[in-house]
Amino acid sequence: MKLYAVSDGPPSLAVRMALKALDIPYEHINVDYCASEHMTEKYAEMNPQKEIPVLDDDGFFLPESIAILQYLCDKYRPDSELYPKDPKARAIVNHRLNFNSSFYYSSISMYVMAPIFFDYPRTPIGLKKLNISLATFETYLKRSGTKYAAADHLTIADFPLVTATLCLEAIGFSLDEYPLVKAWYGNFKQQHPDLWAIGEAGMKEITEFEKNPPDLSGMNHPIHPIRKKN
């Protein structure tokens with residue numbers, strides 16, 4: 001099994017956490033984002049979306065981190081409590097996974113990551129969307145009353161939510177206004193230091209990029225505006 005991933009991207013970090021938690025051996029093949037390796041036609045043979053990560057399970061190529069998390073559990077650890085079988089319990093996990101990708105991380109990515117890597121400013125509207133996402137997550141945690149995002153135990157839903165949240169820590173964004181989110185995040189780091197070590201390494205890279213944005217002037221991205229080289 002191979003995972004084509006970057007060392008600092010939240011979706012990549014989430015899958016790496018899951019692989020470690022599930023004790024599944026794999027080969028991590030680093031994708032050089034700054035060198036546009038994900039934009040090549042060779043990479044597109046694995047993932048036409050040209051996004052990262054991609055799982056290669058003996059020739060079965062699977063993009064999209066959520067699909068990868070679900071697949072790993074279903075195929076290799078079907079009895080793991082990380083992805084419960086009970087329909088309602090699983091529905092909550094699936095909801096949190098989709099909440100992250102469509103709502104939570106999307107707002108964090110546009111506020112934190114996009115201005116680091118591309119020519120986007122941080123705007124008041126971006127901050128407002130971010131705070132709406134955090135407030136929504138706070139509400140879910142309050143209603144569930146659970147220690148983790150989807151249950152009183154760790155599930156695969158926690159991995160992408162944690163790796164999204166670490167982007168905020170990377171730029172020094174305070175979670176003080178969201179005490180339940182802050183407690184959930186701190187609990188994960190305290191209770192799962194081996195998994196957090198993966199996230200922390202990525203977070204430190206993001207922090208460095210925040211201070212010194214990478215030079216992507218050689219990238220021809222079809223959507224994002226490239227920052228001009230000084």
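For clarity, every value in this text was computed on a predicted model and none was experimentally measured.

Definitions and limits used
- Residues numbered from 1 in each chain as written.
- Predicted model: local features only at pLDDT ≥ 70, side-chain atom pairs only at ≥ 80, totals over all residues.
- Heavy atoms only, no water.
- Helix = DSSP H or I, 4+ residues; strand = E, 2+ residues; numbered from the N terminus.
- Buried < 20%, exposed > 50% of the residue type's maximum accessible area, 1.4 Å probe, protein only.
- Lys, Arg positive; Asp, Glu negative; His and termini not counted.
- Salt bridge = Lys/Arg side-chain N within 4 Å of Asp/Glu carboxyl O.
- Contact = heavy atoms within 4.5 Å.
- Expected span 1.5 Å × (residues − 1).
- 1 Å grid on protein atoms, 1.4 Å probe; cavity = no way out; pocket = protein on both sides within 12 Å on 5 of 7 lines; lining within 4 Å.
- Points joined across faces, edges and corners; volume = space filled by probe spheres on them.
- Domains from an automatic or database assignment.
- Phe/Tyr/Trp six-rings, centres within 6.5 Å; stacked < 30°, edge-to-face > 60°.

1. Some details on the side chain of Arg-16
Logical step 1: Turning to its location among the elements, Arg-16 is positioned in helix H1 (residues 10–21).
Logical step 2: The buried charged residue Arg-16 lacks any salt bridge, with Glu-205 as its nearest oppositely charged partner at 6.8 Å.
Logical step 3: Not counting residues within four places of it along the chain, the set of residues in contact with Arg-16 comprises Leu-3, Val-6, Ser-7, Tyr-26, His-28 and Ile-198.

2. Focus on H1
At 3.6 residues per turn, the α-helix brings residues three or four places apart onto the same side.
Logical step 1: An ideal rise of 1.5 Å per residue puts 16 Å on 12 residues; H1 measures up with 16 Å between its terminal C-alpha atoms.
Logical step 2: Considered for burial, the residues of H1 that qualify are Pro-10, Ser-12, Leu-13, Ala-14, Val-15, Arg-16, Met-17, Ala-18 and Leu-19.
Logical step 3: At the C-terminal side of H1, Asp-23 shows a positive phi close to 55°.

3. Regarding the layout of surface pockets
Logical step 1: Computed from the structure, the largest pocket encloses a volume of approximately 1,200 Å³.
Logical step 2: As for the largest pocket, its lining consists of 44 residues, of which Pro-11, Glu-51, Ile-52, Tyr-105 and Ser-109 are closest to the centre.
Logical step 3: Of all the secondary-structure elements, those providing two or more residues to the lining of the largest pocket are H1, helix H3 (65–76), helix H4 (87–117), helix H6 (158–170) and helix H8 (193–211).
Logical step 4: When residues of the lining of the largest pocket are assigned to domains, at least three map to each of domain 1 (2–77) and domain 2 (87–211).

4. Examining the pattern of salt bridges
Logical step 1: All chains considered together, the criterion is met by 8 salt bridges.
Logical step 2: Close ionic contact of Asp-176 with Lys-182 constitutes a salt bridge, the shortest N to O distance being 2.5 Å.
Logical step 3: For Lys-182, a relative accessible area of 42% corresponds to the partly exposed category.
Logical step 4: Its salt-bridge partner being Glu-208, residue Lys-211 comes within 3.8 Å of it at the nearest N-O pair. Residue Lys-211 and its partner Glu-208 are both found in helix H8; the two are separated by 3 residues, about one turn of the helix.

5. Focus: the packing of aromatic side chains
Logical step 1: Summed over all chains, the structure comprises 12 aromatic pairs.
Logical step 2: Their ring planes at 70° and their centres at 5.2 Å tell us that Tyr-104 and Phe-137 sit as a pair that is edge-to-face. In this pair, Tyr-104 is assigned in helix H4 and Phe-137 in helix H5 (residues 124–144), connecting sequence segments 33 residues apart. For the pair Tyr-104 and Phe-137, one class covers both residues: buried.
Logical step 3: Look at Tyr-185 and Trp-196: their rings are 5.8 Å apart centre to centre, the planes differ by 85°, and that puts the pair in the edge-to-face class.

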